[in-house]
Amino acid sequence: METGRENLRIQKWVVSIGVCLFLIKIVAYFLTRSVAILTDALESTVNVIAGFIGLYSLFVAAKPRDENHPYGHGKAEFLSAAVEGTLIGVAGLFIIYEAIDNLLHPRELQKLDYGIILVAFTALVNFAMGYYSVRQGKKNNSLALVASGKHLQSDTYSTLGIIVGLALIYVTHIQWIDGVVAILFGVLLIITGYRILRSSIAGIMDEADRDLLLKMVDLLNKHRRENWIDLHNLRVIKYGGQLHVDCHLTVPWYFNVHEAHREIDELSSLIRNEFGSTLELFVHSDGCLDFSCRICTKKDCTVRQQPFVKQVPWTLENLAQNKKHQLNPGV
């Protein structure tokens with residue numbers, strides 16, 4: 001809940017700053033009549049709309065679980081990012097259309113020095129806010145914040161390109177550079193929109209996050225306990241800022257309920273310390289079987305049926321399998 005409120009607060013700043021920067025770019029456009037600056041202003045319009053959508057999605061995502069949503073409301077963030085990615089792509093297409101029209105029907109540019117100063121200021125503010133939003137979004141596992149931050153950063157890069165183009169026009173007085181710059185950054189927006197949309201669809205479809213899983217596998221291998229004889233059927237699902245982890249943990253068969261639960265608590269603490277308090281872990285405990293002895297490193301086991309041969313390294317592939325690990329008969 002605390003993480004959800006923090007995400008909501010950051011998104012409010014994103015929206016407020018987005019509105020202010022949009023107004024500055026509109027002023028710059030009316031001063032210069034540059035289609036490249038109009039391009040930047042239209043992209044900021046998307047920023048504002050997407051910002052409000054992201055704000056609402058974070059408000060919904062921050063709600064606690066209820067009877068109708070037992071896993072919480074975090075998936076709302078994926079829908080927000082999908083809308084934002086779509087809007088960015090549409091803005092890119094519209095910008096290309098306007099740029100081509102400007103090339104066919106050139107307009108005289110005015111007061112480029114004022115325009116350059118104004119859009120340079122917006123670029124600086126956008127980059128700072130985008131960097132902060134992405135950093136906090138990754139920290140809090142918030143796709144909506146990451147999407148907003150990347151959107152602001154892409155806006156910064158496009159603005160820098162536009163500044164370079166305006167500077168060239170200011171020096172060379174070649175007017176068609178304005179349209180060419182707008183087309184280039186229209187294409188950049190389409191690519192950015194596609195990437196955000198692709199990421200959101202992956203979240204909606206519960207696509208495995210390979211980087212996250214590799215990080216978890218590395219953590220488990222480094223801190224593996226001897227009573228954790230085996231671990232399998234590992235699954236990680238994202239619900240916005242929430243992470244849900246399922247797995248099966250094999251412990252010595254003679255452990256009572258309290259002893260087995262102590263091992264589960266140790267596993268939970270290890271993962272939660274690394275991935276944050278927003279993690280929800282469901283662990284099914286299994287008792288070891290005869291073939292488990294050959295991969296078990298427990299030294300004080302008094303009921304061992306077979307000698308230890310070697311430990312099975314946990315990998316992304318074998319942890320995802322829904323079966324206990326064992327050595328091949330010939331090993």
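Check the entry above for the structure.
Everything quoted here is computed from the prediction, not taken from an experiment.

Turning our eyes to something else, we now look at the pattern of salt bridges. On inspection of all chains with the given rule, the structure shows eight salt bridges. A salt bridge links Glu274 to Lys215; its shortest N-O distance comes to 3.7 Å. Remark: Lys215 occurs in helix α7 (residues 210–222) and Glu274 occurs in helix α8 (residues 257–275); sequence separation between them is 59 residues. Judged by its relative accessible area of 39%, Glu274 is partly exposed. Between Arg225 and Glu263 there is a salt bridge, with the nearest N and O atoms lying 3.1 Å from each other. You can see Arg225 sitting in the loop between α7 and β1 (230–239) and its partner Glu263 sitting in helix α8, a full 38 residues away along the chain. Accessibility expressed as a relative area gives 2% for Glu263, which makes it buried. Through salt bridges with shared partners, a single ionic network connects Arg225, Glu263 and Glu266.

Counting 27 residues, the largest nonpolar core has Met216, Leu220, Leu231, Leu249 and Leu267 as its most contacted members. Sorting the residues of this core by element identifies α7, β1, β2 (242–251), α8, β3 (279–287) and α9 (316–320) as the ones contributing at least two each. Formed by 16 residues, the second largest nonpolar core is a distinct cluster that contains Ile116, Val119, Ile163 and Val181.

On the surface, a nonpolar cluster with roughly 450 Å² of combined accessible area is contributed by Leu103, Ile174, Trp176, Val180 and Leu184. Looking at the element boundaries, Leu184 is found in helix α6 (residues 177–204). Exposure remark for Leu184: the relative accessible area of 54% places this residue in the exposed category.

For any pair of aromatic rings, geometry is given as the distance between the ring centres together with the angle between the planes. Tallied over the full model, the rule gives four aromatic pairs. When the ring of Trp253 is compared with that of Tyr254, the centres are 5.6 Å apart and the planes differ by 85 degrees; the resulting orientation is edge-to-face. Their ring planes at 75 degrees and their centres at 5.7 Å tell us that Tyr254 and Phe255 sit as a pair that is edge-to-face. Judged by relative accessible area, which is 17%, Phe255 ranks as buried. Taken together, the ring pairs in this structure connect Trp253, Tyr254 and Phe255 into an aromatic cluster.

To continue, consider the side chain of Thr250. Assignment of secondary structure puts Thr250 in strand β2. Beyond its immediate stretch of four places on either side in the chain, Thr250 contacts Asn227, Trp228, Ile229, Asp230, His232, Asp286, Gly287, Cys288 and Lys324.

What follows deals with the packing of α7 against α8. Look at α7 against α8: their axes get within 11 Å of each other, and the N-to-C directions meet at 130 degrees. As summarised for this structure, α7 and α8 are arranged oblique, according to the angle between their axes. Between α7 and α8 lies a crossing whose hand is right-handed. Taking contact as the criterion, the partners of Leu212, Lys215, Met216, Leu219 and Leu220 in α7 are, on α8, Leu267, Leu270, Ile271, Glu274 and Phe275.

A word on unusual backbone geometry. Positioned with a positive phi, Arg33 is a non-glycine residue whose angle comes to about 65 degrees. Locating Arg33 in the fold gives a position in the loop between α1 (2–32) and α2 (35–61). Of the residues examined, Arg33 reaches a relative accessible area of 34% and is grouped as partly exposed. Of note in this structure, Lys111 is not a glycine but carries a positive phi near 45 degrees. Tracing the sequence through the fold places Lys111 in the loop between α3 (76–104) and α4 (112–139). Using a relative accessible area of 47% as the deciding quantity, one classes Lys111 as partly exposed.

Definitions and cut-offs
- Residues numbered from 1 in each chain as written.
- Predicted model: local features only at pLDDT ≥ 70, side-chain atom pairs only at ≥ 80, totals over all residues.
- Heavy atoms only, no water.
- Salt bridge = Lys/Arg side-chain N within 4 Å of Asp/Glu carboxyl O.
- Helix = DSSP H or I, 4+ residues; strand = E, 2+ residues; numbered from the N terminus.
- Buried < 20%, exposed > 50% of the residue type's maximum accessible area, 1.4 Å probe, protein only.
- Core = buried A, V, L, I, M, F, W, Y, C linked by side-chain atoms within 4.5 Å.
- Patch = residues over 30% accessible without salt bridge, like charges linked within 9 Å, V, L, I, M, F, W, Y side chains within 5 Å.
- Areas by Shrake-Rupley, 256 points an atom, 1.4 Å probe, with all protein chains shown as cover.
- Phe/Tyr/Trp six-rings, centres within 6.5 Å; stacked < 30°, edge-to-face > 60°.
- Contact = heavy atoms within 4.5 Å.
- Axes fitted to C-alpha atoms, helices over the stretch in contact; angles between N-to-C directions.
- Parallel < 35°, antiparallel > 145°, perpendicular 65-115°, else oblique.
- Left-handed = near helix turned anticlockwise from the far one by under 90°.

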